[in-house]
Amino acid sequence: MTRSLLGLGVMALAAMMLALAMGSVTVPLPDLWQVIQGDGSALHRTLVWELRLPRAIAAFATGGLLAVAGALMQVLLRNPLADPYILGLSGGAAVGALLAMLAGMGTLLISGSAFAGAMLATMLVFGLAHGTGSWTPSRLLLTGVVVASGWGAVITLMLAITPSHKLPGMLYWLMGDVSYARTPWPAFVVLVVSIGLIMPLARNLNVLARGPMQAAALGVSVRPLEWAVYLLASLLTATAVTTAGSIGFVGLIVPHMLRLVLGNDQRTILPASALAGGTLLVLADTLARTVIAPEQLPVGVITALLGVPMFLYLLHRSR
Amino acid sequence: MSTLRARELIINIPGRADGFALNINVEPGQIWGVLGPNGAGKTTLLHTLAGLHPARSGQVVLNDSPLKELKRRDIARHLGLVFQERQDTFPATVMETALIGRHPWLSPWESEQGEDQALAEQALTALDVDGLSERLLNTLSGGERQRVAIATLMTQNPDIWLLDEPTNHLDLHHQVKVMNLLRNQAESGKAVFMCLHDLNMAARWCSHVLLLYTNGDACWGATGSMLVPEALERLYNQRLIALEKDGLSVFVPAQ
């Protein structure tokens, strides 16, 4: 376990280095090393410290948040297809954020509103899909997809009635673009703190993955645990969406890939998801910045291009 | 050693009259078999006794404390349950599955140590699945999975063992092996309470029998006094032929 986490940590660092070096102006590795030591040219210093590093950290934190949120939801719903984006949580968060922006609120209120939107979306999807029975995979996914398209309609409506000078600021919520991240630190802190909070519960989650009855028989207080996981997953999603808009499929691809390689012990999967999700989004964002430079692609496009085939493959294989 | 008591217990089966309230004491050393037709509420009774299903009235008492007042974790240290159906959405190995039995004994920051591993290995060996410990659960046969589930309960090592049809999917040899294992556990001070479909197993291995009728009626007592053909024929609505061989009663359904 420690070794795989160490490996993922090294990969994350390497991806960071790549993100700092690559771009419209390439900073060669020896120069990058000088910049890290506090030397280097003024241009390189500005590029690395003021432009690329905050963006790379924002990408890392967002990817980590989304991957951990996905991993948590998959255990909570005992469904490997659960993902904040597919279940419409990102849509709810975006609607909350856009509403706050329409009303001309400040950054903090926008974040709060996005969080409320994510919570509302979660409650709606989980509540409706639960019905009288259990969370069956097909019912949950269908509910999520339908609710997500409902959010899509609300978003279109709001964009249609928004004065055009406010539009650019709003569009980033929908595209999923790290370049709009104002400051990377709140997302990073939420990621680190929530991993710290969830680790003591990780073995409980392993038991919960066997079903609520089995978990209760093994001494897990199922209801409080489910609520804690549900709240945390919503908080993580809301923070990610607040940082970089709605970026899809990271929460689906990353935990799934990790489970194939590392098994399904949440004590490994959760921190590994944070590292691998962060790495994936740092790489995807570097690609988005450089592939048709100097133009930039929203990173959400890259993750969707990776995620859609992956999701269809999983769905095809599941039965 | 622990005792599980049902006091004036009426299990909650929707749409069914209250029937007969259960007053039973499951004591260390005893092996109880619950017999009854499909839908009589055997599984519901088991879940109610484990505190996983609310009773309609009455209560379940574990060592003088009502189950409702105990924390799940404390219950799980005294009482464990093998379910009839299991979920395996995510891939898990046999060893990982057995080790989750240690969950109630470990604090949040602890991970499984050598002794937990040893307990799990012992249990897997006792159920003849030790050779499969690195295999994924979903690659096993139904009988092998059943034995892994029983090994998980053995790793949990509670005083009271509740089992829902433990011999399901098992071949004859392993049916006998599991029943002998349960008898050994009872002899070492555990209390065993299980649902069964096989009258002859109940006759041979159970010290007590509870007959559960579809209408909610119930009767219970020492095995010898309960397994009389008339009561069993009424229970299953099926004519039986009772045979005696070397002092053992054997029941065979008549055509």
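Residues numbered from 1 in each chain as written. Chains lettered and ligands numbered in written order. Predicted model: local features only at pLDDT ≥ 70, side-chain atom pairs only at ≥ 80, totals over all residues.

1. Considering the interface of chain A and chain B
- The partner chain B presents 22 residues to the 20 residues of chain A that form the contact.
- Elements with a contribution of two residues or more to the side of chain A that touches chain B: helix H9 (202–208) and helix H10 (212–217) of chain A.
- Among the elements that make up the side of chain A that touches chain B, the one with the highest residue count is H10 of chain A (4 residues). (Contact = placed C-beta atoms within 7 Å. Helix = DSSP H or I, 4+ residues; strand = E, 2+ residues; numbered from the N terminus.)

2. Details of the sheet that holds strand S1 (residues 4–10) of chain B
- Reading across the sheet, the 4 strands line up as S2-S1-S4-S5 (chain B) and stay open at both edges, with antiparallel pairing between neighbours. Since the sheet does not close on itself, it has two edges, and those belong to strand S2 (22–26) and strand S5 (65–66) of chain B, each with one partner. (Pairing = 2+ DSSP bridges.)

3. Quick notes on helix H1 (residues 2–21) of chain A
Residue and element names in this part refer to chain A.
- Between its first and last C-alpha, H1 extends 29 Å over 20 residues, near the 28 Å set by a 1.5 Å rise per residue.
- Burial in H1 covers these residues: Leu8, Ala12, Ala15, Met16, Ala19 and Leu20. Each buried residue of H1 lies within a common arc of 135 degrees when the element is viewed along its axis, so the set occupies one face. Every exposed residue of H1 that faces more than 90 degrees away from the buried side is listed here: Arg3, Leu6, Gly7, Val10 and Leu13. (Expected span 1.5 Å × (residues − 1). Buried ≥ 20, exposed ≤ 12 C-beta atoms within 10 Å, placed from the backbone. Arc of directions from axis to C-beta.)

4. Brief notes about helix H5 (residues 142–156) of chain B
All names here are of chain B.
- Here H5 contains 15 residues, and its C-alpha end-to-end distance of 21 Å stays within 8% of the 21 Å for a straight helix at 1.5 Å per residue.
- Among the 15 residues in H5, 13 count as buried, and that is most of the element.
- Looking one or two residues past H5, asparagine 157 carries a phi angle of roughly 55 degrees, positive in sign.

5. Things to note about the sheet that holds strand S3 (residues 31–35) of chain B
Residues and elements named next belong to chain B.
- Strand order in this open sheet of 6 strands is S6-S7-S8-S3-S9-S10, and the pairing throughout is mixed. The open sheet terminates on both sides in strands that have one partner only, identified here as strand S6 (79–82) and strand S10 (218–222). Along the sheet, successive strands turn relative to each other by an average axial angle of 15 degrees, direction set aside.
- Each of S6 and strand S7 (160–164) is contacted by H5, which is oriented at about 175 degrees to S6, the strand it contacts most. (Axes fitted to C-alpha atoms, helices over the stretch in contact; angles between N-to-C directions.)

6. Comments concerning the packing of helix H4 (residues 89–102) of chain A against helix H11 (residues 222–244) of chain A
Residues and elements named next belong to chain A.
- Axis separation between H4 and H11 bottoms out at 9 Å; the angle between their running directions is 55 degrees. The orientation of H4 with respect to H11, classified from their angle, is oblique. Seen along the crossing, H4 lies across H11 with a hand that is right-handed. Facing H4, whose interface residues are Leu89, Ser90, Ala93, Ala94 and Ala97, H11 presents Ser234, Thr237, Ala238, Val241 and Thr242.
- Broken down by class, the residue content of the contact of H4 with H11 amounts to 6 nonpolar, 4 polar and no charged. (Parallel < 35°, antiparallel > 145°, perpendicular 65-115°, else oblique. Left-handed = near helix turned anticlockwise from the far one by under 90°. Nonpolar A, V, L, I, M, F, W, Y, C, P; charged D, E, K, R; others polar.)

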